[in-house]
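Close look at the chain arrangement
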Amino acid sequence: MEVGAEGFARRLPCLRRRILRAAFVALDMEFTGLHSTSLQNNEPSLFDSPAERYAKARQSVQRFTVVQLGLAIFSKENSNKYMVHSYNFFLFPSTLGIRDVEFTLSASSIQFLSHYGFDYNKFLKDGIPYMNEAQEKILRQRLLAGTWKVCSNADRDVLKKAIDEVTSWIAAAKEEDTMILQDLNGDHVLYVQLVLRQALENVWTEPLGDKKVMVKKVSPKHRQLLENSSYDHCQKKLILLSARGFTNLFQILVKAKKPLVGHNMLMDLMHLHEKFYRPLPESYEEFKRNIHNLFPVIIDTKTVTKFVQKKCLFPRVSSLLEVYAVLCSSNLNPKVPPYPVIALASGCSRYAENKSPHEAGYDAFLCGSVLLMSAHLLLCRSTDAAVEADPSFSQYLAVLAEHVNKVNFIRGGVSSINFSGEDAPCCHPPALIVHVRGWPGLTESQIYQEFKARCRFDVRRLSKNQFILLSNQYKQLVLRDYRHHPHLQVSVYRHWRHSPGVNCLLQISGIVALWSLLAFALGGTSSC
């Protein structure tokens, strides 16, 4: 089910009811980009600790925006069955009252989404507004002071046209006469009313639905009475409600405290924090605490499926769709009891008939389905006793306990980030060290280009003439091929031998030992 700005407010009460009844909620996002290439040393690296990766990702999250958010709400039925309501929300930053929002587009990300049929017109023309707490505070202050403004030039054109129509009409109109403004999309219904009331003290406005606004000529005294009534559709609290847009649904999710499920969800969580909660803090630990307070139960299906691949005879697959297909295969599906039935609600039935990879609502549906099937598989293999025909979701959570709040960490010093405790110590794969001779001014980039044809290495300078190479699986042929290279000598890195810190300590220890020996020798000579 696709939801834009036009129908969002109308659907919000139903969404709230479904979330409150849900067993869990699965989430996926699509962005205008992932990793900013305009920032130096911003690419993810095997050398990264979680805090270093967070600092890199934070800069990218601040530059890119969310174009689509998918939400799949899984509700447990009476039998061993889950009903799924899956939604695609098109999002666009709020343009009312706050500083104009800037964001970056990555050409490769835009091309990627376009390849999978993403509708950019819906994102641009019908995107649901949103704001975080800092932006809402600014808007609230400007509404109270009467200094709010509309940032979008397209919105200004619509507003100018409406003002021209009303000022032409009102000159000849009598009190209580009315006119209708038509074809107002999304937020324009609200913006037009606010601008007209601010510009003309003798008009009153009311939304009529179907993209229309009624304008009535009234006396200033009558208008004051109308403004103080509870039926005013432009009360400040209603303006805030409209400008918050999708943030209202985010707050419903936070209050419901349902388990939140995602796949490789670190970037999703960072965007949730930045776009709908608060600007991302500099402190990595503060970010973790904030997310855990917002969502006490997080499950990353990438972490879960990595464990399932080790536990069961599970082929190595990479994409979420491939994982879903393998779990659905008859080879893994337990015969007694079988997987829970996962049924799509009538408005989302096309996902049962057609694959829609990288559509956020579809990926959220896959994510929740993979969680249920993985949990059921692990539950059936965790005990020799017969599993009851209708396991509860709490039983699934129990069998997944060691993976709860562990979010997958891609290419780094740890396998996952722990949102409810301390991260595991960093453990890097075996490293190689490159000694450079007779090749002055060699850079990390040149070293990377030199070795990339043989294996995907991450490179970090160790000293003026030494570089460390890290790879998940380096090839022995690298050591062989560079055995007689005229400028580059490659060997296995040994910390006690190659670390500058250890070498410095050994040199200092040697000097201290030498001076001690000399002092002892000289002291012995003088005593004789």
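- An unreviewed UniProt entry lists the chain under the name Poly(A)-specific ribonuclease PNLDC1, from Daphoenositta chrysoptera.
- Turning to the chain, the UniProt annotation filed under Cofactor (unreviewed entry) states: "Mg(2+)".

**Section: the nonpolar core**
- In terms of nonpolar packing, the biggest core is built from 50 residues, with Leu69, Phe89, Phe246, Leu249, Leu269 and Leu272 touching the most fellow members.
- For this core, the element with the highest residue contribution is helix H11 (residues 266–277), accounting for seven residues.
- With near-sequence residues (within four places) excluded, Leu272 lies in contact with Leu27, Met29, Leu69, Phe250, Leu260, Tyr277 and Phe295.
- Of all hydrophobic cores here, the second largest spans 44 residues; its members include Val326, Ala364, Phe393 and Leu400.

**Quick look at the pairing of strand E3 (residues 66–76)**
- Along E3, ten of the eleven residues are buried, which leaves the element largely enclosed by surrounding structure.
- Here eight bridges tie strand E2 (residues 24–31) to E3, and the two strands are oriented antiparallel to one another. The residue of E3 that forms the bridge with Asp28 is Gly70.
- Sheet topology places E3 next to strand E4 (residues 81–90); nine bridges connect them, and they run antiparallel. Within E4, the position partnered with Gln68 by the bridge is Phe90.
- Counting the residues that bridge the hairpin from E3 to E4 gives four residues.

**Description of the sheet that holds strand E15 (residues 466–470)**
- Read from one edge to the other, the open sheet built from four strands follows the order E14-E15-E13-E16, with strand pairing classed as antiparallel. Of all strands in the sheet, those bounded by a partner on one side alone are strand E14 (458–463) and strand E16 (488–492). Across the sheet, the mean angle from the axis of one strand to that of its neighbour is 25°, orientation sign disregarded.
- Strand direction decides the pairing type here: strand E13 (residues 431–436) and E15, joined by five bridges, are antiparallel. Each bridged residue has a counterpart across the sheet, and for Leu432 the counterpart in E15 is Leu469.
- Those strands touched by helix H18 (residues 444–451) are E13, E14, E15 and E16, and its axis lies near 130° from that of E14.

**Points about helix H14 (residues 320–328)**
- Among all positions in H14, only Leu320, Val323, Val326 and Leu327 are buried. Seen end-on, H14 carries its buried residues on one side only, within an arc spanning 125°.
- In this fold, the buried residues of H14 make contact with helix H13 (301–311) and helix H16 (360–381).

**Remarks on the packing of aromatic side chains**
- The full count for this structure, using the stated rule, is 25 aromatic pairs.
- Summarising the aromatic geometry, the rings of Phe24 and Phe74 are spaced 4.6 Å apart at their centres and angled 15° between planes, so their arrangement reads as stacked. Remark: Phe74 occurs in strand E3 and Phe24 occurs in strand E2; sequence separation between them is 50 residues.
- When its relative accessible area of 0% is taken as the criterion, Phe24 is described as buried.
- What makes Phe74 buried here is its relative accessible area of 0%.
- Note on Tyr87 and Phe89: the rings are 5.7 Å apart at their centroids and 20° apart in plane angle, and the pair reads as stacked.
- Here a set of aromatic residues connected by ring pairs shows up, and it is made of Phe8, Tyr87, Phe89, Tyr130, Phe246, Phe250, Phe276 and Phe295.
- We note Arg53 situated over the ring of Phe409; from NZ or CZ to the ring centre the distance is 4.5 Å.
- For Arg197, the ring lying beneath its charged end belongs to Trp204, and the centroid distance is 3.8 Å.

**Overview of the sheet that holds strand E5 (residues 178–181)**
- Taken together, the three strands give an open sheet; going across it, the order is E5-E7-E6, and neighbouring strands pair in antiparallel fashion. Each of the sheet's edge strands pairs with one partner strand only, and the pair in question is E5 and strand E6 (203–209). Recorded for the sheet is a direction-independent mean angle of 25° between the axes of neighbouring strands.
- Examined bridge by bridge, E5 and strand E7 (residues 212–217) share four bridges and lie antiparallel to one another. Bridged to Leu181 within E7 is Val213.
- Sheet strands in contact with helix H7 (residues 188–199) are E5, E6 and E7, and its direction is about 170° off that of E6.

**Digging into the packing of H13 against H16**
- At a minimum axis distance of 10 Å, the contact between H13 and H16 shows a crossing angle of 35°. Handedness of the crossing formed by H13 with H16: left-handed. Of the residues in H16, those touching H13 at Thr301, Val304, Thr305, Phe307, Val308 and Lys311 are Cys367, Val370, Leu371, Ser374, Leu377 and Leu378.
- In the contact of H13 with H16, the residues fall into eight nonpolar, three polar and one charged.

**A few points about a nonpolar patch on the surface**
- Residues Leu514, Trp515, Leu518 and Leu522 make up a contiguous nonpolar surface patch of roughly 480 Å² in combined accessible area.
- Looking at the element boundaries, Leu522 is found in helix H21 (residues 500–527).
- Exposure remark for Leu522: the relative accessible area of 60% places this residue in the exposed category.

**Some words on the domain arrangement of the chain**
- Considered domain by domain, the chain is made up of domain 1 (2–131 + 246–418), domain 2 (138–244) and domain 3 (432–501).
- Its C-alpha centre places domain 1 at a distance of 38 Å from the equivalent point of domain 3.
- Counting residues at the interface gives five residues for domain 1, matched by eight residues for domain 3.
- Both sides together, the interface formed by domain 1 and domain 3 hides about 740 Å², and carbon and sulfur atoms give 52% of it.
- Looking only at domain 1, the three residues that lose the most surface to domain 3 are Leu46, Phe47 and Arg411, adding up to 86% of its buried area.
- At the surface where domain 1 touches domain 3, the tally comes to one salt bridge.

Calculation notes
- Along each chain, numbering runs from 1 in the same order as the chain's sequence is written.
- Thresholds applied to this predicted model are a pLDDT of at least 70 for local features of residues and 80 or more for the giving and counting of side-chain atom pairs; totals over whole chains, interfaces and linings are not thresholded and use all residues.
- Processing note: side-chain calculations cover all non-hydrogen atoms of the structure and skip hydrogens and water entirely.
- UniProt positions are given in the numbering used here, feature names are shortened, and annotations may be inferred rather than shown by experiment.
- Working definition of a nonpolar core: buried Ala, Val, Leu, Ile, Met, Phe, Trp, Tyr and Cys residues. They are joined through side-chain atoms within 4.5 Å.
- Only protein chains enter the accessibility calculation, which uses a 1.4 Å probe; a residue is then buried when its area is under 20% of its type maximum, exposed when over 50%, and partly exposed in between.
- Strands are runs of DSSP state E lasting at least 2 residues, helices are runs of H or I lasting at least 4, and numbering of each runs from the N terminus.
- Contacts were defined at the residue level, with two residues in contact if any of their heavy atoms lie within 4.5 Å.
- Two strands qualify as a pair provided that DSSP identifies no fewer than 2 bridges between them.
- Axis definition: a line fit to C-alpha positions, over the contact stretch in the case of helices; interaxial angles, taken between N-to-C directions, run 0 to 180 degrees.
- Starting at the helix axis, one direction is taken to each C-beta atom, and the arc is that of these directions.
- Centre distance within 6.5 Å is the pairing criterion for rings of Phe, Tyr and Trp, where only the six-membered ring of Trp is used; planes under 30 degrees apart are then read as stacked, over 60 as edge-to-face, and the remainder as tilted.
- Each ring is checked for a lysine NZ or an arginine CZ that lies within 6 Å of its centre and within 35 degrees of its normal; such an atom marks a charge sitting over the ring.
- By convention, the crossing between two helices is left-handed when the near helix turns anticlockwise from the far helix through less than a right angle, and right-handed when the turn is clockwise.
- Ten residue types, Ala, Val, Leu, Ile, Met, Phe, Trp, Tyr, Cys and Pro, are classed as nonpolar, four, Asp, Glu, Lys and Arg, as charged, and the remainder, Gly among them, as polar.
- For patch detection, residues must exceed 30% relative accessible area and be free of salt bridges, and they are connected within 9 Å for like charges or within 5 Å for nonpolar side chains (Val, Leu, Ile, Met, Phe, Trp, Tyr).
- Exposure was quantified through the Shrake-Rupley algorithm and a 1.4 Å probe, taking into account, for residues, occlusion by the shown protein chains and nothing else.
- We define a salt bridge as a contact between a side-chain nitrogen of Lys or Arg and a carboxyl oxygen of Asp or Glu at a distance within 4 Å.
- Each domain span listed reflects an automatic or database assignment of domains.
- Take the accessible area each of two parts loses on contact, using a 1.4 Å probe, and add the two losses: that sum is the buried area.

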